[in-house]
Amino acid sequence: MALRRRTGRAAATMRAMALDPDIPAAAPRLLRTEEELARLPASERVRYRLVQAQQRFHANDNIAAYVHAGELDEIKAEVAAKLHEVLHALVIDTESDHNTQETAQRVARMYVDEVFRGRYQAMPSVTEFPNAERLNELMIVGPIRVRSACSHHMCPIFGKVWIGILPNEHSNLIGLSKYARITDWIMSRPQIQEEAVTMLANELQRRVRPDGLAIVMEADHFCMHWRGVKDHESAMVNSVMRGAFLKDANLRREFLALLARRKD
Ligand SMILES: [Zn+2]
């Protein structure tokens, strides 16, 4: 009798442990076969590859190398289904309301194909050519119109970017329009302005290898307008200065003076 009671208690304790959120469940198996992967939703397959490769996949990271052919369409369908759930949770009658019947699909396409495409599409191809003329004068590109979204609220960010480059004879030069394409690729992701500017600087530094690099971004954050809390503080200016722009105050002044003149 006593023995039976003890057995019963042990079983109850084990059941309690299984439900206790503080006790971790068995670790997921790390290796999956291709067949197992094929049964998962596309987003899980891509996530699995990223984790295996120990790649970061924050909102502003590009994950194009981990998305296989055809998977973007699957991801769009997944996003649409989840957005449909969001509308449902907001108690919107998407069945009778003709305005919201296709909203989930529209927003999914807008996210994946347009406003966040910088996460899913590979870096635009950019031809670099050697600095044959040995240009070593300050060069300013801008204003480049920028459209992005804040990763805190997924609200639009509209702004302008100016890029200052001081090339040396070893720099690789890229065509003027390519600065805009690289900027657009970095900005078409949910972003934080400070990080976006740093990402852009890293990309240009890696490609152009100039003596000096300066970037200024001025942008309007619509989460401030839309939510109407701090309207007067909605414009934000960020800058990154590297190499010669850090060391040489005259060069920095020249860049900022030219930029101020080109702003109007
Ligand atoms: Zn925001």
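Note: the structure precedes this text.
All values derive from a computational prediction rather than experimental measurement.

A sheet is described by the order of its strands in space; here five strands give the open sequence E5-E2-E3-E6-E7, paired in mixed fashion. The open sheet has two edge strands with one neighbour each: strand E5 (190–191) and strand E7 (235–243). As paired strands, strand E2 (residues 139–150) and E5 are joined by two bridges and run parallel to one another. Bridge pairing in E5 places Ala-149 opposite Pro-190. Along the sheet, helix H8 (residues 193–208) makes contact with strand E3 (156–166), E5, strand E6 (212–221) and E7, crossing E7 at roughly 30 degrees.

Here E3 lies mainly inside the structure; eight of its eleven residues are buried. Pairing geometry for E2 and E3, over nine bridges, is antiparallel. Counterpart to Met-139 in the pairing with E3 is Ile-165. Two successive antiparallel strands, E2 and E3, enclose a turn made up of five residues, where Met-154 displays a positive phi of approximately 60 degrees.

What follows covers the packing of aromatic side chains. Applying the stated criterion to the full structure yields three aromatic pairs. Seen in terms of ring centroids, Tyr-111 and Phe-116 are 4.7 Å apart; in terms of plane orientation they differ by 25 degrees. Their pairing is stacked. For Phe-116, a relative accessible area of 6% corresponds to the buried category. One cation-aromatic arrangement involves Arg-189 over Trp-185; the distance from NZ or CZ to the ring centre is 4.5 Å.

What counts, and where the lines are drawn
- Residues numbered from 1 in each chain as written.
- Predicted model: local features only at pLDDT ≥ 70, side-chain atom pairs only at ≥ 80, totals over all residues.
- Heavy atoms only, no water.
- Pairing = 2+ DSSP bridges.
- Helix = DSSP H or I, 4+ residues; strand = E, 2+ residues; numbered from the N terminus.
- Contact = heavy atoms within 4.5 Å.
- Axes fitted to C-alpha atoms, helices over the stretch in contact; angles between N-to-C directions.
- Buried < 20%, exposed > 50% of the residue type's maximum accessible area, 1.4 Å probe, protein only.
- Phe/Tyr/Trp six-rings, centres within 6.5 Å; stacked < 30°, edge-to-face > 60°.
- Lys NZ or Arg CZ within 6 Å of the ring centre and 35° of its normal.

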